[in-house]
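# Structural overview
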Amino acid sequence: MSYRDQYETYREVGQQLNSKLLDAYSEQELILNSAESLRIDHDGTNIFYEFESDMTVHYEFMLYEYCRDGLTAAEHYHKEGHWDTEIERTVLEATIDADTSLFEIDAVDATDDRIVVTDILNDDEGVSIVDINLSQTAEPGVLLFFRPVRYEEFTITSGVSLPFPGEHKDHLQTEYEDRVNLADSQSTSLQRFVTFYDLYRDYGIHMQYE
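Residues numbered from 1 in each chain as written. Predicted model: local features only at pLDDT ≥ 70, side-chain atom pairs only at ≥ 80, totals over all residues. Heavy atoms only, no water.

## Brief notes about the side chain of Q6
- You can see Q6 is positioned in helix 1 (residues 3–24).
- With residues up to four places along the chain from it excluded, the contact list for Q6 reads M1, I87, E153 and F154. (Helix = DSSP H or I, 4+ residues; strand = E, 2+ residues; numbered from the N terminus. Contact = heavy atoms within 4.5 Å.)

If you want it as structure tokens, here you go:
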């Protein structure tokens, strides 16, 4: 199987997995409480997204960051052994193990469907990412907040990313250090997601879908 075929398989299984997670763990209370954690407005019934893409960001947060009874929805799903195939289990475990961070795009190779990024929150670690869509549109110097999901063959994004202009790099790092309690390991990941989503509303490159 070519890397493109493997990439498409992981993407398709990941999308199906998220649909299953939403079917299993999308009661109204969880939706509203997770929206409140992201400071997304609601009236007790309806969620008021400022941008169309905010729904996708909210659902990733709800499934992979927001904890209930000490576990995220994805972790509950894994604990209960609900996966249907081994590849679904692989995608589930890889996504659960993935940590979000802020990355700077160093290079783009559209012919190989890759972007090379530096993790600027974690000792400037370099990562090569396979992403067909991003490799066609991304530009060096842009910052991306996303979750790198690592497989044996390559690393991909979870499908959700928050782009920022490179000129805000120092400010974003300062805000992150001021807002996130790095000593509290149990909630650092959630705090980081909330912080960068909040910063995205003020400094991000917002994209609308036609």
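## Description of the environment of Y66
- Take Y66: it is sitting in the loop between helix 3 (54–64) and strand 1 (67–68).
- For Y66, a relative accessible area of 17% translates into the label buried.
- In the structure, Y66 is positioned 29 residues away from S37 in sequence and 8.3 Å away in space, judged by C-alpha atoms.
- Apart from residues no more than four positions distant in its own chain, Y66 is found in contact with L30, N33, S34, S37, F61, L71, T72, A73 and L190. (Buried < 20%, exposed > 50% of the residue type's maximum accessible area, 1.4 Å probe, protein only.)

## Let's talk about the nonpolar core
- Ranked by size, the top nonpolar core spans 49 residues in total, and within it L21, L102, I156, F164 and F196 carry the most contacts.
- Take this core: its biggest share by element is 6 residues, from helix 8 (residues 188–203).
- Ignoring anything within four residues of it in the chain, the contact list for F164 reads L102, V142, L143, F145, L172, F196, L199, Y200, Y203, G204 and I205. (Core = buried A, V, L, I, M, F, W, Y, C linked by side-chain atoms within 4.5 Å.)

## A look at the environment of V160
- With respect to the secondary-structure elements, V160 resides in strand 7 (residues 155–164).
- Note on V160: relative accessible area 10%, which makes it buried.
- Once residues within four sequence positions are removed from consideration, V160 is found in contact with T56, V57, E60, F145, F146 and R147.

## Comments concerning the packing of helix 3 against helix 8
- At a minimum axis distance of 11 Å, the contact between helix 3 and helix 8 shows a crossing angle of 170°. Considering their axes alone, helix 3 and helix 8 lie roughly antiparallel with respect to each other. Touching D54, V57, E60 and F61 of helix 3 are L190, F193, V194 and Y197, all from helix 8.
- For the contact of helix 3 with helix 8, the class distribution of residues is 6 nonpolar, no polar and 2 charged. (Axes fitted to C-alpha atoms, helices over the stretch in contact; angles between N-to-C directions. Parallel < 35°, antiparallel > 145°, perpendicular 65-115°, else oblique. Nonpolar A, V, L, I, M, F, W, Y, C, P; charged D, E, K, R; others polar.)

## Looking at unusual backbone geometry
- One non-glycine residue, D69, adopts positive backbone phi at about 55°.
- Turning to its location among the elements, D69 is positioned in the loop between strand 1 and strand 2 (71–72).
- Even without a glycine there, the phi angle at D113 is positive, about 60°.
- Checked against the element boundaries, D113 lands in the loop between strand 3 (101–109) and strand 4 (114–119).

## Side note on the environment of F145
- Looking at the element boundaries, F145 is found in strand 6 (residues 143–150).
- Along the sequence, F145 and Y3 sit 142 residues apart, while their C-alpha atoms lie 24 Å from each other.
- With residues up to four places along the chain from it excluded, the contact list for F145 reads T100, S101, L102, V160, S161, L162, F164, R192, F193 and F196.

## Some remarks on the pairing of strand 3
- Pairing of strand 3 with strand 6, which is carried by 4 bridges, proceeds in the antiparallel orientation. Counted as the bridge partner of L102 is F145 from strand 6.
- Linkage of strand 3 to strand 4, two consecutive antiparallel strands, is achieved through a turn of 4 residues, within which D113 is found at a positive phi near 60°. (Pairing = 2+ DSSP bridges.)

## Topic: the pattern of salt bridges
- Tallying each qualifying case throughout the model produces 13 salt bridges.
- Across the salt bridge formed by R4 and D113, the nearest N and O atoms sit 2.9 Å from each other. Here R4 is found in helix 1, whereas its partner D113 is found in the loop between strand 3 and strand 4, with 109 residues between them in sequence.
- Using a relative accessible area of 39% as the deciding quantity, one classes R4 as partly exposed. (Salt bridge = Lys/Arg side-chain N within 4 Å of Asp/Glu carboxyl O.)

## Topic: helix 1
- With 22 residues, helix 1 should reach 32 Å at 1.5 Å per residue; the first-to-last C-alpha distance of 31 Å fits that figure.
- When helix 1 is considered as a whole, its buried residues turn out to be Q6, Y7, Y10, R11, V13, G14, L17 and L21.
- Contact partners of the buried residues in helix 1: helix 3, helix 4 (73–79), helix 5 (86–97), strand 5 (125–130), helix 6 (132–137) and strand 7. (Expected span 1.5 Å × (residues − 1).)

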